[in-house]
Amino acid sequence: MAKYFGTNGIRGTIDKLGPELALGVSRAFGEWCGNGKVVVGRDMRLTGEMLRDAVVSGLLSVGCEVVDLGIVSSPTLEFIADKLGADGGVIVTASHNPPEWNALKFVDGKGVAVSKERGEEVERLMESEIEYANWEKFRPVQEYKGANEAHIERVLELANIGKVKEKKPKVVLDCGNATACLVAPELYRRMGCKVVVLNGEMDGRFPGRPSEPTEKNLGELKKRVVGEEADLGIAWDGDGDRVVFVDERGEWIVGDRGFALSAMLALMEGKGKVVTTVATSNVVKDVCEKFGGELVYTKVGAPYISEVMQKEGNVVSAGEEVGGIVWPEMGMAKDGFMAGAKIVEAVCERKMSEWMQELPEYYNAKTKIECKEGDKEKVLEEIGKVAREKKLEVNTLDGVRIDFNDEEWAIVRASGTENYFRVFAEAKSMEKAEKRMDEWAGYVREVME
Ligand code: MG
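What counts, and where the lines are drawn
Residues numbered from 1 in each chain as written. Predicted model: local features only at pLDDT ≥ 70, side-chain atom pairs only at ≥ 80, totals over all residues. Heavy atoms only, no water. Pairing = 2+ DSSP bridges. Helix = DSSP H or I, 4+ residues; strand = E, 2+ residues; numbered from the N terminus. Contact = heavy atoms within 4.5 Å. Axes fitted to C-alpha atoms, helices over the stretch in contact; angles between N-to-C directions. Donors = N, O, S within 2.8 Å, 3.2 Å for Na, K, Ca; no water. Buried < 20%, exposed > 50% of the residue type's maximum accessible area, 1.4 Å probe, protein only. Disulfide = S-S within 2.5 Å. Left-handed = near helix turned anticlockwise from the far one by under 90°. Nonpolar A, V, L, I, M, F, W, Y, C, P; charged D, E, K, R; others polar.

Engineer: Looking at this structure, I do not really get the sheet that holds strand β10 (residues 243–246). What am I missing?
Structural biologist: Picture the strands of a sheet paired through backbone hydrogen bonds; they go either parallel or antiparallel. With respect to topology, five strands assemble into an open sheet ordered β8-β7-β9-β10-β11, the strand pairing being mixed. Looking at strand neighbours, the two that pair on one side only are β8 (194–198) and β11 (252–253), the edges of this open sheet. Bridge analysis of strand β7 (residues 170–174) against strand β9 (residues 232–236) gives four bridges, and the strand direction is parallel. When the bridges of β9 are listed, D174 appears paired with A235. With respect to the sheet, helix α7 (residues 184–191) is in contact with β7, β8 and β9, its orientation differing from that of β8 by roughly 170 degrees.

Right, dumping it as structure tokens:
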């Protein structure tokens, strides 16, 4: 079991993730990267500079060559790590968490995030004696100033700017006072959009809205899209890897429907595999069936998506239920700015609401059930047995996913950090989804007794 690493890096408030831990883990990560070149960046959180300096110190102490990008989004760092042929990268960002949180996200030389399992390798190194580099090996930290510009230019190369310049769609960008401010307004202006910016000043206190792009947090964006008679609203989380959309009528679009549209656009360009987590809506499965995509499931968490993409050939699209979207031509990591650019192109052809009508409607219900720490594995095993006894289709890649038919499914998963199970069900009506949820939550309670 990993002691510090979660699904995607190490997260916490300062009492859990302070400079001491940042230093120790960075020394081990430097070793894990073969003491080579490591790219470092951070978001605008108030504790960012403190943690970044500890990370840099740890990396230098084991002889790494450190390239500091300054304040950047996660996709920008992932792109630059790949571009510079680095051996690894560290991003100081707590993504969508509240302002008092921070985190260290680690990526390998390909820009692929370090999962819990690979994090365990780093933790094992932390327990060993790590030697300091010989004094002659110490090198100055290199400052790399052009990261945001290089990222913007790459997206512009990949996007169909001609189409956007002709239509000049109006887009409202909710940058959430976060790293999206560094990329989004400039990028979409240069693509040819008319741009309206909300929460466009970076501020580690997140004064405009909480950083998670949920419907509740995007009320202002929804209103402005309608008020401005815009074609599209786009919002990002704190580190710019997740993106969600608001259609021209001011309707918020849930993350996996935004991803489903992206997969559909990708499959219209060319057939291939679509990679997503077992917790993603069947709307993605339907898109694959209709447009000739082969669906590949992964465990829940962005690092697993990138890992599976690397293993599988011919992946045309990948993504996760919370609005993480990967366009493989950009790299292995989810990139909210590239994903936004492709949707901007799409609204030059048809209205966003019309695109969304192409996707079947699903409803979902979810609940949490408290449990004891030691019980998790056993309960999941029992739930798998119950489903198999009922001759249902079972997938145990991550928790237990049960497909009842083409339209209805449920998943029972144990929380990685807290003592409860999550039960999620999806169906063609709210009533059916709730019924499935209640049924399987019931089995979880029964098994626990
Ligand atoms: Mg994020």
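Engineer: Looking at this model, I keep getting lost on the coordination of the magnesium ion. Mind explaining?
Structural biologist: Six octahedrally arranged donors around a metal ideally form angles of 90 or 180 degrees; four tetrahedrally arranged donors ideally form angles of 109.5 degrees. For the magnesium ion, every protein donor is listed as S95 (OG), D237 (OD), D239 (OD) and D241 (OD), and the spread of their distances is 2.0 to 2.2 Å. Written as a sequence motif, the donor arrangement for the magnesium ion is S-x141-D-x1-D-x1-D. Here S95, found in the loop between β4 (88–92) and β5 (102–108), pairs with D237, found in the loop between β9 and β10; they are 142 residues apart in sequence, far enough to count as distant. Across the pair, D237 and S95 agree in class, each one buried.

Engineer: Quick question: what am I supposed to make of unusual backbone geometry here?
Structural biologist: Leaving glycine out, the prevailing phi sign among residues is negative, and the prevailing peptide bond configuration is trans. Positive phi outside glycine occurs at N35, with the angle close to 55 degrees. Relative to the elements of secondary structure, N35 occurs in the loop between α1 (19–32) and β2 (37–42). Of the residues examined, N35 reaches a relative accessible area of 24% and is grouped as partly exposed.

Engineer: Honestly, the state of the cysteines in this entry has me stumped. Any pointers?
Structural biologist: Working definition: the covalent bond between the sulfur atoms of two cysteines is a disulfide. Per the stated rule, a full pass over the model turns up zero disulfides. Here C181 stays free of any disulfide, with the sulfur of C175 as its closest cysteine sulfur at 4.6 Å. C181 sits in the buried class, given a relative accessible area of 18%. With no disulfide of its own, C348 lies 6.8 Å from the sulfur of C193, the closest cysteine sulfur. Assessed through its relative accessible area of 7%, C348 is described here as buried.

Engineer: Please clarify how the side chain of N148 should be interpreted in this entry.
Structural biologist: Along the chain, N148 falls in helix α5 (residues 147–158). Note on N148: relative accessible area 16%, which makes it buried. What N148 contacts, discounting residues up to four positions off in sequence, is I71, V72, T76, L182 and V183.

Engineer: Which parts of the structure should I look at to understand the packing of α1 against helix α2 (residues 48–61)?
Structural biologist: When two helices pack together, their arrangement is given by the angle between their axes and by how far apart the axes lie. Across the interface, α1 lies against α2 with an axial gap of 7 Å and an inter-helix angle of 35 degrees. Crossing of α1 against α2: the hand is right-handed. Every residue of α2 that contacts α1 at P19, A22, L23, S26, R27, F29 and G30 is listed here: M50, L51, A54, V55, S57, G58, L59 and S61. Taken together, the residues of the contact of α1 with α2 break down into nine nonpolar, five polar and one charged.

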